[in-house]
Amino acid sequence: MKMNGALYINTFSAIVSVVMGLLLLIGIVLPQIETTSRLVFGAIFLSYGIYRLLNVQSKRRAIKQEEEHERMKKAQEELILKLRDSENNK
């Protein structure tokens, strides 16, 4: 399966968002900020990262299905050509 550059960028940004959200929730990043604000921002980053990961996964699945559809279409066309050739040779 081929992945284009946009999927790599989306995957990277999703992972960064999830990690940043977790670091904010745990308190490793920006511990000096008020706890509730840090937790809210951490939850937002984490939620956005999970959304991006699910979005990337669905795009990868769609690309895989499209490739499978193209492979089946090509095989069908080859089969039709073979059948036509065998009928013409009779």
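Here is what the cut-offs are and how they apply
- Residues numbered from 1 in each chain as written.
- Predicted model: local features only at pLDDT ≥ 70, side-chain atom pairs only at ≥ 80, totals over all residues.
- Heavy atoms only, no water.
- Salt bridge = Lys/Arg side-chain N within 4 Å of Asp/Glu carboxyl O.
- Helix = DSSP H or I, 4+ residues; strand = E, 2+ residues; numbered from the N terminus.
- Buried < 20%, exposed > 50% of the residue type's maximum accessible area, 1.4 Å probe, protein only.
- Contact = heavy atoms within 4.5 Å.
- Expected span 1.5 Å × (residues − 1).
- Axes fitted to C-alpha atoms, helices over the stretch in contact; angles between N-to-C directions.
- Parallel < 35°, antiparallel > 145°, perpendicular 65-115°, else oblique.
- Left-handed = near helix turned anticlockwise from the far one by under 90°.
- Nonpolar A, V, L, I, M, F, W, Y, C, P; charged D, E, K, R; others polar.

Asks: When you look at the pattern of salt bridges in this model, what are you seeing that I'm missing?
Replies: Pairs can form between side chains of opposite charge whenever their charged atoms are close. According to the stated counting rule, one finds one salt bridge in the structure shown. The salt bridge involving E68 is made with R71; its shortest N-O contact spans 2.5 Å. Taken together, the residues span about one helical turn, with E68 and R71 both in helix α2 (residues 35–88) at a distance of three residues. Using a relative accessible area of 37% as the deciding quantity, one classes E68 as partly exposed.

Asks: Hey, could you run me through the environment of L24 in this one?
Replies: Here L24 shows up in helix α1 (residues 5–26). For L24 and L39, which are 15 residues apart along the polypeptide, the C-alpha to C-alpha distance reads 6.6 Å. Other than its neighbours up to four places away in sequence, L24 contacts V29, L30, R38, F41, G42 and F45.

Asks: Can you walk me through α1 in this structure?
Replies: One full turn of an α-helix is made of 3.6 residues, so residues set three or four places apart face in the same direction. Compared with the 32 Å implied by 1.5 Å per residue over 22 residues, the 32 Å span of α1 between its first and last C-alpha is a close match. Buried residues in α1 make contact with α2. At the exit of α1 stands G27, carrying a positive phi of roughly 105 degrees.

Asks: What is the right way to look at unusual backbone geometry in this model?
Replies: Negative phi values dominate among residues other than glycine, just as trans dominates among peptide bonds. One non-glycine residue, L30, adopts positive backbone phi at about 55 degrees. Here L30 lies in the loop between α1 and α2. Among the residues examined, L30 registers a relative accessible area of 36% and is labelled partly exposed.

Asks: Help me understand the packing of α1 against α2 in this model?
Replies: Geometrically, a packed helix pair is captured by the angle between its two axes and the distance between the axes. Here α1 crosses α2 at 155 degrees, and the two axes come no closer than 7 Å. Classified by the interaxial angle, the pair formed by α1 and α2 is roughly antiparallel. Note on packing geometry: the crossing formed by α1 with α2 is left-handed. Of the residues belonging to the contact of α1 with α2, the class tally is 19 nonpolar, seven polar and four charged.

Interpretation in functional terms is not warranted from these geometric data alone.
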